[in-house]
Structure formats: C-alpha cells, structure tokens
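Here is what each chain is made of, one letter per residue.
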Amino acid sequence: MEIIGADIILKTLMEEGVEVIFGYPGANTLPIHDRLMNSPIRHYLMRHEQAAAHAADGYARATGKVGVCLATSGPGATNLVTGIATAYMDSTPMVALTAQVSTSLLGQDAFQETDIIGITMPITKHSYQVHNVNNLVSTLRNAFELAKTGRPGPVLVDIPRDILASKCDPAEETSVSALKTNGKVAESEEQIEKIAKSLNQSERPIIIIGGGIKLSNSFHLMRALIEKAKIPFVTTMMGIGSVDAANGYSLGLIGTHGNELANSIVHQCDFILAVGTRFSDRSTALIEEFAPLAKIAQIDIDPTSIGKSIKINLPYIGDINEALTALLPLIDEKEKSDWLQRIHTEQEDIEKKLSGGGCGEAGNFIRMVQEAMPKETTVVADVGLNQIWTVRTWKAHSPRSLITSGGMGTMGFSLPAAIGAQVGTPEKAVVAISGDGGFYMNIQELATIGYYNLPIKIIIINNGHLGMIKQIQDLFYSSRFNTIDLGTKVDLVAVARGFGIPGSRITVNENPRTGIEEMVNTDGPYVLEAMVDPENYVYPIIPPGCSNIEMIHDRLD
Amino acid sequence: MLRKMREQEQTISILVSNQPGVLSRVANVFGRHGYNIKSLCVAETTNPEVSRITLTSESDPDFTEKIKKQLEKLVDVVEVSDLTGPSYIQREMMLIGVPVMKQEIHSDILRAIEMFGCRIVTMSPDYYVLEITGLQDETAAVLKYFQPFGVREMNRTGSIALLRHLSKNISQ
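So, how was this worked out
- Residues numbered from 1 in each chain as written.
- Chains lettered and ligands numbered in written order.
- Predicted model: local features only at pLDDT ≥ 70, side-chain atom pairs only at ≥ 80, totals over all residues.
- Helix = DSSP H or I, 4+ residues; strand = E, 2+ residues; numbered from the N terminus.
- Rg over C-alpha atoms; globule rule 2.2 N^0.38 Å.
- Buried ≥ 20, exposed ≤ 12 C-beta atoms within 10 Å, placed from the backbone.
- Contact = placed C-beta atoms within 7 Å.
- Pairing = 2+ DSSP bridges.
- Axes fitted to C-alpha atoms, helices over the stretch in contact; angles between N-to-C directions.
- Domains from an automatic or database assignment.
- Nonpolar A, V, L, I, M, F, W, Y, C, P; charged D, E, K, R; others polar.
- Right-handed = clockwise from strand over helix to strand, strands pointing away.
- Core = buried A, V, L, I, M, F, W, Y, C linked by C-beta atoms within 7 Å.
- Parallel < 35°, antiparallel > 145°, perpendicular 65-115°, else oblique.
- Left-handed = near helix turned anticlockwise from the far one by under 90°.
- pLDDT = per-residue confidence, 0-100.

Asks: Quick question: what am I supposed to make of the overall build of chain A here?
Replies: Of regular secondary structure, chain A possesses 23 helices and 18 strands. Relative to the compact-globule value of 24 Å for 557 residues, chain A shows a C-alpha radius of gyration of 24 Å, a close match. Taking all 557 residues of chain A together, the buried fraction comes to 55%. Long-range contacts, defined here as pairs at least 24 residues apart, represent 77% of the contacts in chain A between residues at least 6 apart.

Structure (structure tokens):
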C-alpha cells in the first residue's frame, strides 16, 4: 500500500502518544478512517460530533494528556464548535482534526465546505489548514506542542481531502517553521522573594487555587506550601480537587455559587496568593468589592490572565511549577494562627445556620452516591443546579477526580465528557451527574455508552425543570416562571432501556439507597433517574451585581 | 464605548508571519475587545517571511498594554511594539485628485502646492493628482485646504512609524 497523507497523520499522532480518537466519519475523512484499520489507535464512534469534542475534552481532563477529536468537513466541523469553545474556556489541551473539501474546491461553496478556520478563530489557540502533504508532520507536531504548552487549549488542524489522499514520500517532508514557540517567560527570582516576604508578613493570608494547578501538575507543591505555612485555601470551579478538600485547610468554592465561608474569608483576608486563576466574574462577583483589604500576588503562565479584571500588587508570569518550587523554601513554617481559629469559629456558625450545606435533599443524595462508590471515582458534573450541588458536596480527593464545564457552562457536557474520562481511565469508576435539561442535550450518547459497554454510572437529577433558571426567575424575576418547565412525562428509564442500558427511578427523599445499591451492584452502565423537588435550590446565592458577601440564604432574604 | 476617558491615538507595530489569514487574526483581537482600527498599513519587511502591520487605534494607554499581551499570544505574531510618542517619526501619504474647473484657480493651486510641499503626480489641463506626505495632522490640513476646490478622489495610507534614533536592538 502506498503511503498517503492519512498514514502520515496517524503515524505522527502515534509519535505524539495518541492512543484514542473520538470521531465521526464523513466522505472527506474517509482516507483517515480507512487507514485507521491499520493503526493501533482506537477510534470511538460517537453519535454526534459535539460529543466527540466533549469526549476528547473529558479524556484530556481525566488523564492530563492531549485529547483528540476528528470530524468531517461542513456540518461535522461546525458541530465540534461548542466542544472546542468549552475546551478553550477551561484551557484543556486538545487537537481537533477536521477534514476539508479538496484544495481545488476551496472557496467554491462545495458540498460540505465550511470555513472552519474562520469560525473557530476566537475559540482556538491557533488553527492550521494544510496545503501540502509534506507539511503534515511538522504542522501536527506544532499543533500538539501548542495545545499542551503555556496555557493549554484547543488547536484545530483542517486538512483538505486531496492532502489526506495524496501519495507522500517521507523523505520530502519539510518543516513548517514555528516562528515562535509558546515561550516561557522567566520572571525574576526577586519577584518570588517579594511574594514570599509579603506572605510571611501577612496576618490573614489565603490561597486561591485555580485550574492552573491541575494543568501544571503542581498538586504536591501546592499541598506542601499549604501545610508548611498553614494557610487556608479556597478554590475556583476549575481548581476543585487540586488539593484534597479534607486536609483541614479548605474553605470551599468561591464565587457566585460558592461556599459562604470561602467568600466571607476572602473578604476579610489581608493577603491573597492566587495561583493559576484568572479572577473570572463567577469567582469574584462584583469586582469593585472583591477582597477589599487584600494585597494580591498572582502567579500565572498566561500574561493576559494577570491583572485582566483586578489590580495585582505582585504579578508573576511564568510556570506555576517553577514558581512554587522557588517559593516553597522561602516560606516560613508557621504554627496554627489566630486567623485559623477565627475561621474555624466562623465555620461552626455557618454550619449551624445552613444545614445540609445549602443543597438540600439533592446534596444529601449526592453525598450518599459518593459514599457508595469506590474512593477513586471520577465524577463528571453537567451544568446548572446539579453542577453546584455536585461541586459543593462531592469531596474530591484527587486532582483529576472532578470534571465539569466551568468557563463555558455547557449543558450536555457531562455524558460525552464521562465517555472520554472512562476511556482514558478504564481502571476508575466514572459517575456522570446531570439534570434533566442537560441530559436531553446529548442524550444520543447513551447509544455510544451502550455500544462500547462503558461502565459509566449515569445519574439524572430530575426536577422536571431548568432548575437554575427557575431559581433565578423565582428570586430575581418576581417568581414569573416561564419557559423552564420540561415536564416529567418522559420515562427516562424506558429511554435508557431502549438504548440497551438498565436503570431505575427513585425519589431522593423516599428510597434513595435502593436505587444507589442497584446501580453500584450492576456491572456496566446504569441510568439512575433521581426525582427531586423543583423547589430544591442552591443556597446561599449571590444576586447579580452584588458582592461576594451579599449572599441570599433563602427566598425571604 | 464606555472607555472614552483618556483615549488617545496609539500607533502599534506588529511583526507577523507573512501568511494568509494572519491579518484577520490580528484584526479579530481589536474587534473582540470593541476597539476600532483607525488606520492600517501592511508590508513585507527586509525578511520576506515577516510582514509589519502598523496600525493606529484610539484607546487608553492601559488598554494598549492589554491588547499588546493579547496580540503576543497569537502564534503568527513575532513582536508587538508601541510606536506612540516623540521617539518615533510618523508619516502617512495621501493622494488627492483636484479638478480645475476655472483657469484662474491654477495659480491658487500652484501656490498651495508649493506652500504645503505637495508633489504633483500627474496633471492635465483640467485635473491634478497631488501626493502629500507628513504627519496625519498635516495631511488632514492639506485635505481641508483643497476641499473648497472640490476634491474628487482621496486615498491615504494610514500612519507608518520608525524609531528616530539608532536602536541598540537589531530590528526587522
């Protein structure tokens, strides 16, 4: 068999360590899908290209490797868009491969032609269209390098069909010059010394952990820093699980749906060490009133993330791992301080006030699910109330064990991302938690799960409504409910059965344990439909336009 | 825009790889942040793999710093520098076409040409095409002067700029 462009792609992917592609064929991808038969790379056939992108994303988040998805030109490529944008917002390393119409047809509105480079420009780190088969290797190498270095993110490579199919002599490979690499900006040691000095001198310090700790594999350093200086920490949505929340220093999640303790302590602290976070609007709420007493040091590899929304006193642009390695020996070892005692007292007060962590019966149910599952379980949360219930109640013991769409807030993410997580970590149990709304958005992936018999435990917390929107309408739109009622006529257990997956329906305040037990004791995938009260909201919540300490505790606030 | 305060004209030079689609990535960064590009000039540098985009935009200095960081993230961008300020010489070129309706205004036009230091690119008994090079304020003043004569056509390049002194760094 002659070597063609498609062979070169698969060989380069192998050399980049790719074991799995999530994809969907079309006429223009066929050279690749044909040659995949000769390759050890496994191809998972999804039921929608959006799901292929989310699965690659979930795979990358669960393993730390680059996720790869593949779609055909035209609608295949445009269906990837939501998945690429989701990966971009949460800085997931991903390479999206799209087939394109042949170079001779480019720009002619050929069948299934679309300008996917133009469409994805604002949601990728970079994109390439390959016009010469001899450039394939170096283009793909650049794409992988770019996806995983610096602040990671998705890179798209668009390959016309004739390039995929054209004969290729590996001796004629040419390299596409990367005019610049994702250069490391080395900040001075002096800046680290300043940060250390400020931290050592502060009386009420806290650490904000963002997604960058996971992306830079700096879990151990961060834990060592927290334990040495005995500093309490809060996390952003993306930072959850980076450091075991049960180590005694965790204050929980900050932001509009965060824990009251976390938000209150950030408001009182006099020093913030922010690591791998971009101070998004969801974390800070009203930016003018965020942490009014604090001097802020920020460590991030992305220069645009520093000082984007908030003034930073001590910026450090660079690799988190290197920064923390330099910082750790300069930090004074401390005894438990008055500050920790004050936090502890406040924590007790809040717990008295807010039974069940503010997540009601749904939160208790999720706690029961975690207790029934093995310790090394990965949970993939969707978006909406189910997401907040999950991130607030699930104790993430290890860094990659809680996956959710933070920046983009993509409903329908959990089911396909769980596929990616399960494929990437077959030794671990995977639970996908979604609401009924999000579940409908990628419901077709039940077919993929059933086909590959992936043992994912799928939990649908069903309140028959778009719960988070319902809560907002209830609290901030004078209870004028509209366009949020999904109804409960659909028998989701029967739907699951139709896809070849067993399941059961329970009501969380009646018989939760029976359903959980059956789910845990069933080999392979299982759908557990858990009915909850539509009034089971999340509290506290920060109203739009308010600061992090102006929390509402119930509808009468 | 909400950011009207302290806005002033900034001249930015962006060295980019000389490839299709690069200009649209650069323009996207401005558009996405709600900033208008007032003038734009693109040309190859002494290195044929590198082009220089020189553009002017009205924004506050803080924003120039932020947009510089955003531009530097683009893979195709090699270097971004701010060419605003007295250390830089700025020039733009403008071509204007002036019809000569009445014979008696010939002498007025010729006097103005001499005074402004314009060059006559082409002329016929009823039409002049003039070339003017200078600061944007100067080309604007020339345009304003000739408007009463009925400027038929006008085209300007937008500003380009260069460091006034010998640079210690080797530039493109």
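Next comes the rest of the description.
Asks: Hey, could you run me through the sheet that holds strand β1 (residues 8–17) of chain B in this one?
Replies: In a beta sheet, neighbouring strands pair by backbone hydrogen bonds and run either parallel or antiparallel. All names here are of chain B. One open sheet holds the 4 strands; their spatial order is β2-β3-β1-β4, and the pairing between them is antiparallel. The sheet is open, and its two edges are formed by β2 (37–44) and β4 (77–82), each paired on a single side. Shown here is a sheet whose adjacent strand axes are inclined to one another by a mean of 15 degrees, direction ignored. Two elements, β2 and strand β3 (residues 50–59), share 7 bridges in a ladder whose sense is antiparallel. Within β3, the position partnered with serine 39 by the bridge is threonine 56. Sheet strands touched by helix α2 (residues 61–73): β1, β3 and β4. Its angle to β4, the strand with the most contacts, is close to 170 degrees.

Asks: Could you clarify how one ought to interpret the domain arrangement of chain A in this entry?
Replies: Often, the extent of an interface is quoted as the loss of accessible area on bringing the components together. Residue and element names in this part refer to chain A. Under the domain assignment used here, chain A contains domain 1 (5–172), domain 2 (189–353) and domain 3 (355–531). Between the C-alpha centres of domain 2 and domain 3 there is a distance of 30 Å. In this complex, domain 2 contributes 14 residues to the contact, which on the side of domain 3 involves 14 residues. For the side of domain 2 that touches domain 3, the class distribution of residues is 7 nonpolar, 5 polar and 2 charged.

Asks: What is the right way to look at the sheet that holds strand β4 (residues 94–100) of chain A in this model?
Replies: Residues and elements named next belong to chain A. Here we have 6 strands laid out as an open sheet, ordered β2-β1-β3-β4-β6-β5, and parallel in their pairing. Every interior strand has two partners, whereas the edge strands, β2 (42–45) and β5 (126–129), have only one. In this sheet, neighbouring strand axes are inclined to one another by 20 degrees on average, regardless of whether the strands run parallel or antiparallel. Sitting on the sheet, helix α3 (residues 49–63) is in contact with β1 (20–23), β2, β3 (67–71) and β4, with an inclination near 170 degrees to β3.

Asks: Explanation requested: the domain arrangement of chain B in the structure shown.
Replies: As far as domains go, chain B holds domain 1 (8–84) and domain 2 (89–158). For domain 1 of chain B versus domain 2 of chain B, the separation of C-alpha centres amounts to 30 Å.

Asks: Before we go on, may I ask you to explain the pairing of β2 of chain A in this structure?
Replies: Looking along a regular strand, one sees side chains alternate from face to face of the sheet. Residues and elements named next belong to chain A. Inspection of the sheet shows β1 paired to β2 by 4 bridges, in the parallel sense. When the sheet's bridge partners are listed, glycine 23 is paired in β2 with leucine 45. Crossover connection from β1 via helix α2 (residues 30–35) to parallel β2: handedness right-handed.

Asks: For this particular structure, what's the right way to read the nonpolar core?
Replies: It is characteristic of soluble globular proteins that their nonpolar side chains tend to be buried jointly. Ala52, Cys69, Val95 and Ile272 of chain A are the most contacted members of the largest nonpolar core, which totals 185 residues. Here this core gets 8 residues from one element, more than from any other, and that element is α3 of chain A. Non-local contacts of valine 95 of chain A, meaning those with residues more than four positions away in its chain, are made with Val66, Val68, Ala143, Phe144, Ala147, Val155 and Val157 of chain A. Counting 9 residues, the second-largest nonpolar core is a separate cluster that includes Met94, Ile96, Val98 and Leu130 of chain B.

Asks: Teacher, can you tell me more about the environment of asparagine 155 of chain B here?
Replies: You can see asparagine 155 of chain B is positioned in strand β8 (residues 153–156). Along the backbone, asparagine 155 of chain B and phenylalanine 116 of chain B are 39 residues apart, and their C-alpha atoms lie at a distance of 17 Å.

Asks: For this particular structure, what's the right way to read helix α12 (residues 260–268) of chain A?
Replies: The α-helix advances 3.6 residues per turn, and as a result positions three or four apart in sequence lie on the same side. Buried residues dominate α12 of chain A, accounting for 7 of its 9 residues. Buried within α12 of chain A are the following residues: Glu260, Leu261, Ala262, Asn263, Ser264, Ile265 and Val266 of chain A.

Asks: Would you explain the packing of α3 of chain A against helix α18 (residues 414–424) of chain A in this entry?
Replies: When two helices pack together, their arrangement is given by the angle between their axes and by how far apart the axes lie. All names here are of chain A. The interhelical angle for the contact between α3 and α18, taken along N-to-C directions, is 45 degrees, at an axis separation of 6 Å. What the angle tells us is that α3 and α18 run oblique. For α3 against α18, the interelement crossing comes out right-handed. Counted together, Ala51, His54, Ala55, Ala56, Asp57, Gly58, Tyr59, Ala62 and Thr63 of α3 and Pro416, Ala417, Ala418, Ile419, Gly420, Ala421, Val423 and Gly424 of α18 form the full contact between these two elements. Within the contact of α3 with α18, the residues separate by chemical class into 11 nonpolar, 5 polar and 1 charged.

Asks: How do you make sense of the confidence of the model for chain B when you look at a structure like this?
Replies: Residue and element names in this part refer to chain B. Here chain B averages 88 in pLDDT, while 94% of its residues score no lower than 70. In the model of chain B, α2 stands out as the element of lowest mean pLDDT, 86, in contrast to β8, which has the highest, 95. Every residue in residues 1–5 scores below 50 in pLDDT, and together they form 4 contacts with partners more than four places removed in sequence or on other chains. We note a pTM of 0.94 for the whole complex and an ipTM of 0.85 for its interfaces.

Asks: Sorry if this is basic, but what is going on with the environment of alanine 294 of chain A here?
Replies: Residue and element names in this part refer to chain A. For alanine 294, the position within the fold is in the loop between α13 (281–284) and β11 (295–300). The class of alanine 294 is buried, set by 21 C-beta atoms lying within 10 Å. Considering only alpha carbons, one finds alanine 294 and glutamate 260, 34 residues apart in sequence, at a separation of 18 Å. With residues up to four places along the chain from it excluded, the contact list for alanine 294 reads Cys269, Asp270, Phe271 and Ile272.

Asks: I would appreciate a short explanation of unusual backbone geometry in the present structure.
Replies: Both trends apply: most residues other than glycine have a negative phi, and most peptide bonds are in trans. Residue and element names in this part refer to chain A. With an omega dihedral of -5 degrees, the bond running from tyrosine 539 to proline 540 counts as a cis peptide bond. By secondary structure assignment, the location of proline 540 is in the segment after β18 (526–531). Backbone geometry at serine 91 places phi at a positive 55 degrees, although glycine is not the residue there. Looking at where serine 91 falls in the secondary structure, it is placed in the loop between α5 (81–89) and β4. Positive phi values are uncommon outside glycine, yet aspartate 109 reaches one of about 55 degrees. Note on placement: aspartate 109 falls in the loop between β4 and α6 (116–120).

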